[in-house]
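Secondary and tertiary structure notes
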Amino acid sequence: MKICFGFAMLLFSIQTLAATPPAEAPHWPQEYKISDERKVTVFQPQAESLNENLLRARAALRLQDGKKESYGSMLILGAASISKDQARVDIYNLKIQQVTLPSNQAQEKALKDELEKQFAGKSVEISYASLLKNLEVNAEQFKKVAELKNTPPQFIFSTVPSLLIMIDGEPVWTDVKGAKGVQRILNSSALIMHEDKKPFYLWALGKWFEASELHGEYRVSKGPSSKYEMTKDDLIKEKKVDPIAGKTTDGKNIYGNATPKIFIATKPTELLQSDGDPQYQSISGTSLLYMSNSSNSIFLDSKNNEYYVLVSGRWFKNKGLSGDWAYVSAKELPADFKKIPETSPVAEVLVSVPGTSQSKEALIATQIPQTATVKRDLKPQKIECDQGKMQWEKISGTSLEYAKNCNSPLIKVEDKMYYVVQNAVWFSSDAPTGPWVVAVAVPKEIYKIPPSSPLYYVTYVHIYSVANDVVTVGYTPGYNGTYVSADGTIVYGTGYNYPSYQSSTVWYPASATYGFGAGYGWGYTDGFFMGFAMSTMMYPWGWGTCCWGGVYVNVDVTNVYNKWGKHSVISGPAGRGMTVNTIGGAKFARGNNDNIVYTRKDGQVYRRTGKDSWQRYSGPGTWSDVARDNQNVRNELESMHASGNFNERRDLPERPAGDHQPLLRGGGGFGRGRLQRWRFPTLGFLSGALKTPTEM
């Protein structure tokens, strides 16, 4: 019987994006009239550096004075308000540092004064994709490298449809209210119930499964007694368990007519699987083969007959598909991984191969903060602590303590100095019970929290500026679990197996690295994104309900500040659509087709006269061709041009007529190829990384 799964778990997010009108392009160049005979045309600024939210950029300009025309550039500094979810960057508090007119130096100071008047109190907008590409070209972006742990998880390989159920350590059983004699596992987001001398029952995929032992062989059950059913409905309604619906966007079961094999794990585990016996396809120009009937990124190097798999952005290798896998540094991968063509069905892994354009741009994307301006009278959500009293635990390597039994990351700096972060906003108080106010500064000691601490992620939330009634804050994707590794690639999770807090009635799970097929990818229309092999994601206690909303999460544009609703001021008009731009050398955004004049750091001005054809401004009315042998300059200019072009697709294959779905890449746990052609989704569902506090 043919089983057709379809990687439809991603469809709901992708289709939503496809249905959302793209954001209006920033209009460049912009013209400023100084007098009847004198005007200045400013071309789109190119970012040179970004330090926290302080942006340094250079823009080409054209001065027209009567019939005379001269070109130059200006260096600007400003604060950047970055809205990744709207693909835009607003630069405000502009300061013009320098104006250069090589052919008319006598006019430089006067023009600087005139431009300062024009820009006073105004802001300018550039595309987020342009910022991203410019920073890559200038290579000035600081990268925070975390000291991560790379201990391999346990791997399970299956050739049949399978479902992975995670328990956070050994099971903690708790009584079920209203169901005498029945207990459920507290430290799992899956609903597993049991009573003495009766089967173990699991609710998943809209049906009951049962087994004689917890780790035994599960089969579809006729169902337990009615008291189980009532308890199940209540727990799902209260969002205390994950129903593991396993549905596509049109309501179909992702397993088709098949019944998956159930695996139960109590330690970090990843599920790898194929549809039947493994089948392999060669990768053009390499010695690599990939497993073509698997949704996992599994490779066989024919030179040494070693297997490689990509999980959570990390590489592991083995002599076979079963047994123990060993971590391998991405820098030590066979050279052929870097040769994988961008058009290959497995090109998603290029994000995790050092030195590729995809990995470089993903690195930069993780360093650019999402910013927001929040009112200083904003209040946090209620902080709840088990048993009503904080249990303080020291944070290794610091003088700090944190309350391990509370539903928010509550940090004690010293007596009468407490901090908590919620939805990427810092709050402070002189007492652990409040009252809380929006913090205007964060002690440096907090940013010394090491990756070995479950609170490490809070070090990626910053305060940038403070005004009378608002505070500008921001976070980078480390807050959501995406980190820069020592290999120069991005990975999910720190790799530490953090202890969670649990009592007889409460479970506050820490973030987990393994168990739900996390991985990164890029697509021609989606850009750099992250996904999970789950139908429903719930939330680690520290992150609150901020970020994950399903199997598709664009870590680069997800904006947790939307959780604060009307209390925050997000850059750009309310309700403006999101534009997703490719990160990986395929497509970038620019203002409009007239914006073909650029300036380099040297202050020289260039214009594009055709594909890979450039001229340098050399005086009034005079342009000279950039020599063909000056390839470094030409490459930089082409990158600048590509970074600002909404319409330019570059040398990528076109879609067939009528094909409206995005071309997806899926790294370290995704399907690959066009969505409607991919038959086998990743089925390694997590039911152990519960992401909201669970109480009885």
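Residues numbered from 1 in each chain as written. Predicted model: local features only at pLDDT ≥ 70, side-chain atom pairs only at ≥ 80, totals over all residues. Heavy atoms only, no water.

So, the overall build of the chain
Counting its secondary structure elements, the chain contains 6 helices and 47 strands. Taken over 696 residues, the chain has a buried fraction of 61%. Accessible surface computed for the chain: about 27,700 Å², of which carbon and sulfur atoms make up 48%. (Helix = DSSP H or I, 4+ residues; strand = E, 2+ residues; numbered from the N terminus. Buried < 20%, exposed > 50% of the residue type's maximum accessible area, 1.4 Å probe, protein only. Areas by Shrake-Rupley, 256 points an atom, 1.4 Å probe, with all protein chains shown as cover.)

A few points about the state of the cysteines
Formally, a disulfide is one covalent bond, and it connects the sulfur atom of one cysteine to the sulfur atom of another. Tallying each qualifying case throughout the model produces 1 disulfide. Bridging cysteine 385 to cysteine 406, the disulfide has an S-S length of 1.9 Å. With the S-S dihedral at roughly 100°, the linkage between cysteine 385 and cysteine 406 falls on the right-handed side. You can see cysteine 385 sitting in the loop between strand 24 (370-375) and strand 25 (392-394) and its partner cysteine 406 sitting in the loop between strand 26 (401-403) and strand 27 (410-414), a full 21 residues away along the chain. (Disulfide = S-S within 2.5 Å.)

Quick look at the confidence of the model for the chain
Chain-level statistics for the chain give a pLDDT mean of 75 and a share of 73% at 70 or above. When pLDDT is averaged over each helix and strand of the chain, the minimum, 24, is found for strand 45 (residues 663-664) and the maximum, 98, for strand 23 (residues 326-328). This stretch, residues 565-595, has a pLDDT under 50; its non-local contacts, to residues over four places away or in other chains, come to 134 contacts. Of the regions scoring below 50 in pLDDT, residues 644-696 engages in 258 contacts with residues more than four places distant in sequence or in other chains. (pLDDT = per-residue confidence, 0-100. Contact = heavy atoms within 4.5 Å.)

Some points on the nonpolar core
Among the nonpolar cores identified, the biggest contains 42 residues, and Ile411, Trp426, Ile446, Val458 and Tyr483 are the most heavily contacted of them. Looking at this core, the elements that each hand over two or more residues are strand 26, strand 27, strand 28 (417-422), strand 29 (425-429), strand 31 (461-466) and strand 32 (470-475). Of all the elements, strand 28 adds the most residues to this core, at 4 residues. Judged by nonpolar contacts, the second largest core, of 33 residues, contains Leu55, Leu61, Leu131 and Ile364. (Core = buried A, V, L, I, M, F, W, Y, C linked by side-chain atoms within 4.5 Å.)

Digging into the side chain of asparagine 407
Inspection of the secondary structure assignment puts asparagine 407 in the loop between strand 26 and strand 27. For asparagine 407, a relative accessible area of 15% corresponds to the buried category. Polar side-chain contacts of asparagine 407 include one of 2.9 Å to the backbone nitrogen of glutamate 384. (Polar contact = N/O pair within 3.5 Å; in protein donor to acceptor, adjacent residues only side chain to side chain.)

Side note on the sheet that holds strand 18 (residues 280-282)
Strand order in the open sheet formed by 6 strands is 18-19-20-21-22-23, with antiparallel pairing between adjacent strands. At either margin of the open sheet sits one strand with a lone partner, and together these are strand 18 and strand 23. On average, each strand axis in the sheet is tilted by 35° relative to the strand beside it, whichever way the strands run. (Pairing = 2+ DSSP bridges. Axes fitted to C-alpha atoms, helices over the stretch in contact; angles between N-to-C directions.)

Some details on helix 5 (residues 357-365)
Burial analysis of helix 5 places 7 of its 9 residues in the buried class, the great majority of the element. Listing the buried residues of helix 5 in full gives Gln358, Ser359, Glu361, Ala362, Leu363, Ile364 and Ala365.

Some details on the pairing of strand 7 (residues 124-127)
Neither face of strand 7 is exposed, since Val124 and Ile126 on one face and Glu125 and Ser127 on the opposite face are all buried. Here strand 6 (residues 88-100) pairs with strand 7 via 4 bridges, running antiparallel. Considered in strand 7, the bridge of aspartate 90 is made with glutamate 125.

Overview of the packing of aromatic side chains
All chains considered together, the criterion is met by 24 aromatic pairs. Look at tyrosine 308 and phenylalanine 337: their rings are 5.5 Å apart centre to centre, the planes differ by 70°, and that puts the pair in the edge-to-face class. Within this pair, whereas tyrosine 308 is found in strand 21 (residues 306-311), its partner phenylalanine 337 is found in the loop between strand 23 and helix 5, the two being separated by 29 residues in sequence. Each member of the pair, tyrosine 308 together with phenylalanine 337, is buried. One aromatic cluster is present, formed by Phe155, Phe316, Trp325, Tyr327 and Tyr514 through successive ring pairs. (Phe/Tyr/Trp six-rings, centres within 6.5 Å; stacked < 30°, edge-to-face > 60°.)

Points about the sheet that holds strand 26
If you walk across this open sheet you meet the 6 strands as 25-26-27-28-29-30, and the pairing is antiparallel. With partners counted over all chains shown, the strands left at the sheet margins are strand 25 and strand 30 (437-438), one partner each.

What about the pattern of salt bridges?
One pass over the structure, following the stated rule, counts 22 salt bridges. Across the pair lysine 109 and aspartate 113 runs a salt bridge, and its minimum N-O distance is 3.3 Å. Residue lysine 109 and its partner aspartate 113 are located together in helix 2 (residues 108-119), separated by 4 residues, close to a single helical turn. Residue classification places lysine 109 among the exposed residues on the basis of a relative accessible area of 60%. The residue lysine 112 makes a salt bridge to glutamate 116 at a minimum N-O spacing of 2.7 Å. Of this pair, lysine 112 and glutamate 116 both sit in helix 2, 4 residues apart, which is roughly one turn of that helix. A relative accessible area of 22% means that lysine 112 is categorised as partly exposed. Among the charged side chains, a network of salt bridges with common partners joins Arg38, Asp65 and Glu114. (Salt bridge = Lys/Arg side-chain N within 4 Å of Asp/Glu carboxyl O.)

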